[in-house]
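# Structural description and commentary
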Amino acid sequence: MADPRGFLKHGREGAERRPVEERVHDWNEVYPDGVGRALLPIISPQAGRCMDCGIPFCHQGCPLGNLIPEWNDLVWRDDWAGAIERLHATNNFPEFTGRLCPAPCETSCVLGINQDPVTIKNVEVSIIDRAWESNLVRPQPPEWLSGRTVAVVGSGPAGLAAAQQLTRAGHTVVVFERADQVGGLLRYGIPEFKMEKKHLDRRLDQMRREGTVFRTGVEVGRDLTAESLRDRFDAVVLAMGSTVPRDLQTEGRELDGLHQAMDFLPQANRAALGHPVLDQVSAEGLDVVIIGGGDTGADCLGTSTRQGAASITQLEIMPEPPGSRPAGQPWPTYPMTFKVSSAHEEAGDRVFGVNTKAFLGDEDGRVRALLLVDVEFKDGRPQEIEGTERELPAQLVLFAMGFTGPEKPGLVESLEVELDERGNVARDDTYASSVPGVFVAGDAGRGQSLIVWAIAEGRAAAAAVDTHLTGSTTLPAPIKPTERPLTV
Ligand SMILES: Cc1cc2nc3c(=O)[nH]c(=O)nc-3n(C[C@H](O)[C@H](O)[C@H](O)COP(=O)(O)OP(=O)(O)OC[C@H]3O[C@@H](n4cnc5c(N)ncnc54)[C@H](O)[C@@H]3O)c2cc1C
Ligand code: SF4
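First, a word on scope: everything that follows refers to the structure included in this document. (Residues numbered from 1 in each chain as written. Chains lettered and ligands numbered in written order. Predicted model: local features only at pLDDT ≥ 70, side-chain atom pairs only at ≥ 80, totals over all residues. Heavy atoms only, no water.)

### A few points about the overall build of the protein chain
The helix and strand tally for the protein chain stands at 19 helices and 14 strands. Compactness check: the protein chain gives a C-alpha radius of gyration of 23 Å against a globular reference of 23 Å for 488 residues, within 12% of the reference. Partitioning the intrachain contacts of the protein chain with sequence separation of at least 6 by distance along the chain shows that 68% fall at a separation of at least 24. Side-chain charges of the protein chain comprise 49 positive and 70 negative groups, with the mean position of each set lying 5 Å from the other. (Helix = DSSP H or I, 4+ residues; strand = E, 2+ residues; numbered from the N terminus. Rg over C-alpha atoms; globule rule 2.2 N^0.38 Å. Contact = heavy atoms within 4.5 Å. Lys, Arg positive; Asp, Glu negative; His and termini not counted. Charge placed at Lys NZ, Arg CZ, Asp CG, Glu CD.)

Quick look at the structure:
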């Protein structure tokens, strides 16, 4: 156990973000010098708050089954080499989850029953950032090659996790990515202020040194047929994400100035890194309205702030969630509470319980306002509240209402894989699709989800592919597609 009296001596403490007035003028991460370094002075006593519970509920909360009490103890004992070894045992990319995960482990931490939970996510990012700085993260190329080949379609966290596991197991792995750079949503969805791309690039360098091959600018199903992929490779992993955005087909939808978040964020990410962007949609000087109250919406908010929007309003049809755990969502479940991201600290108004009835345009066909109405939920359906209609000025509207599944034309249709009732690629308990030798991991099979799930599924699918190719496996399989940890 870490410090037996740690949770009695120390309260929960996290890293301080940079002042708002400083950070809104750049695209760097919101923590000074990187979060791992910012945490170093406080992280040992924070890890020492862990009680090394007989039943560590934090494990059940984490789709990866991270060995949390073990690395809390090692950090408290100043054994950083031991800590990164235990952390990497279950998670290929803790620098991504340590920055970006909503940390369901923390909402299921036993200490959270009557105190603030252990800062598990902060301990995680401290371990991996320190490991990189101390040269403890090195390539692990396989000792022998199996002679078997695997194609991974899509280079988001699911594809990367599957590729790293299978490369290390000795298979020859090629990752195909239609974008010009590797990383999926880590590259072009998630803004620099949440995770600087240098963390992704450093990990990709490790993967290349281990032997994983990346082919960018190749859309499988168009530039390379599904048939030739199956002919050329012994197994295929589909990890192409959930990329079809939900739309709001209401009056005025055809007006100029209405964009999907994923038409806005990738351009903004490119521009932030100084890459050329043609016809960039910019929020500069505009009244921006973001429809959708989740992560994607918050990323549009932080991006619009940095681009110099005149005003920003984020709309959410659901009522405002409570500030603390509601009675119906007791520990250790993941509660739906009011969340304040770094972007919310910086700017913008949030309006809950509101629906958009129409987009109103000017004589040039550009959006000038939204016609809003307040709603209340009755029998699970939103009902308009009479007399609450009003206009909200907007010259830029961003849709951030989630995604409905993988794209069907192209690869999915030509492979003729079966889909589940939600339109995702169907798979059995071994991540196998209906087409022999073709496996599915991440958002393409699960639907829009989280990075931690994508990594967990990529790892588990790799174990299934290894078994398919060799008859057995020593790769760990953290979770089955149908299994759900306690909290998510
Ligand atoms: C804006 C935004 C912010 C988010 N923020 C967070 C966050 O803070 N924390 C969190 O946990 N989760 C977050 N998420 C969710 C998280 O990013 C996803 O759950 C995760 O990236 C899914 O990983 P994946 O590997 O399944 O797919 P993706 O990351 O979507 O990667 C799929 C890749 O496949 C490629 N591809 C698709 N079709 C083909 C083809 N035919 N040929 C070749 N390549 C193809 C795509 O170009 C893409 O690069 C966010 C999502 C969005 C949209
Ligand atoms: S539940 Fe919390 S206190 Fe218990 S072992 Fe996990 S991190 Fe430590």
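### Quick word on the environment of Tyr-31
Tracing the backbone through its elements, the reader meets Tyr-31 in the loop between helix H2 (20-23) and helix H3 (35-47). For the pair formed by Tyr-31 and Arg-17, sequence separation is 14 residues and the distance between their alpha carbons is 4.6 Å. Once residues within four sequence positions are removed from consideration, Tyr-31 is found in contact with Ala-15, Glu-16, Arg-17 and Arg-18. Reaching out from Tyr-31, the side chain makes a polar contact with the side chain of Arg-17 at a distance of 3.4 Å. (Polar contact = N/O pair within 3.5 Å; in protein donor to acceptor, adjacent residues only side chain to side chain.)

### Here's the deal with the sheet that holds strand S7 (residues 311-316)
As summarised here, the arrangement of the 5 strands in space is S5-S13-S6-S7-S8, forming an open sheet in which the pairing is parallel. The open sheet has two free edges, formed respectively by strand S5 (258-260) and strand S8 (349-352), since each of these has just one partner strand. When the angles between neighbouring strand axes are averaged without regard to direction, this sheet yields 20°. Across 4 bridges, the pairing between strand S6 (residues 287-291) and strand S13 (residues 396-399) is parallel. Counted as the bridge partner of Val-288 is Leu-396 from S13. Relative to S5, helix H14 (residues 261-272) is tilted by about 75°, and along the sheet it contacts S5 and S13. Sheet strands in contact with helix H15 (residues 295-307) are S6, S7 and S13, and its direction is about 175° off that of S7. (Pairing = 2+ DSSP bridges. Axes fitted to C-alpha atoms, helices over the stretch in contact; angles between N-to-C directions.)

### Notes on the site of ligand 1
Lining the immediate surroundings of ligand 1 are 33 residues, of which Leu-100, Glu-177, Lys-194, Val-220 and Asp-443 lie closest. For ligand 1, an oxygen atom lies 2.9 Å from a polar atom in the side chain of Lys-194. In the environment of ligand 1, an oxygen atom lies 3.0 Å from a nitrogen or oxygen atom belonging to the backbone of Ile-451. Isolated, ligand 1 exposes 1,000 Å² of accessible area, and the fraction of that covered by the protein chains is 95%. (Near = heavy atom within 4 Å. Areas by Shrake-Rupley, 256 points an atom, 1.4 Å probe, with all protein chains shown as cover.)

### Quick word on the layout of surface pockets
By volume, the second largest pocket is sized at about 400 Å³. Contributing to the lining of the second largest pocket are 24 residues, with His-88, Ala-89, Gln-140, Gln-165 and Arg-168 lying nearest its centre. Those elements giving two or more residues to the lining of the second largest pocket turn out to be helix H6 (80-88), helix H10 (157-168), helix H12 (197-210) and helix H19 (451-470). The residue inventory of the lining of the second largest pocket, partitioned by class, reads 8 nonpolar, 10 polar and 6 charged. (1 Å grid on protein atoms, 1.4 Å probe; cavity = no way out; pocket = protein on both sides within 12 Å on 5 of 7 lines; lining within 4 Å. Points joined across faces, edges and corners; volume = space filled by probe spheres on them. Nonpolar A, V, L, I, M, F, W, Y, C, P; charged D, E, K, R; others polar.)

### Quick look at the site of ligand 2
Surveying the vicinity of ligand 2 reveals 13 residues, the closest of which are Cys-50, Cys-53, Cys-58, Cys-109 and Val-110. Elements with a contribution of two residues or more to the shell around ligand 2: helix H4 (57-61) and helix H5 (68-76). If you tally residues by element for the shell around ligand 2, the top one is H5, at 3 residues. Grouping the constituent residues of the shell around ligand 2 by class yields 11 nonpolar, 1 polar and 1 charged.

### Focus on the sheet that holds strand S3 (residues 213-216)
In a beta sheet, neighbouring strands pair by backbone hydrogen bonds and run either parallel or antiparallel. A sheet is described by the order of its strands in space; here 5 strands give the open sequence S3-S2-S1-S4-S14, paired in parallel fashion. Edge positions in the sheet fall to S3 and strand S14 (438-440), since each has one partner strand and no second. Neighbour-to-neighbour, the strand axes of the sheet open up by a mean angle of 20°, direction not taken into account. Relative to S14, strand S4 (residues 235-238) runs parallel, the two sharing 3 bridges. Across the sheet, residue Val-236 finds its bridge partner in S14, namely Val-438.

### Section: the packing of H5 against H6
Packing of H5 against H6 leaves a shortest axis separation of 8 Å and a crossing angle of 165°. Judged on the interaxial angle alone, H6 and H5 are roughly antiparallel. The chirality of how H5 crosses H6 is left-handed. Counted together, Glu-70, Trp-71, Leu-74 and Val-75 of H5 and Trp-80, Gly-82, Ala-83, Arg-86 and Leu-87 of H6 form the full contact between these two elements. (Parallel < 35°, antiparallel > 145°, perpendicular 65-115°, else oblique. Left-handed = near helix turned anticlockwise from the far one by under 90°.)

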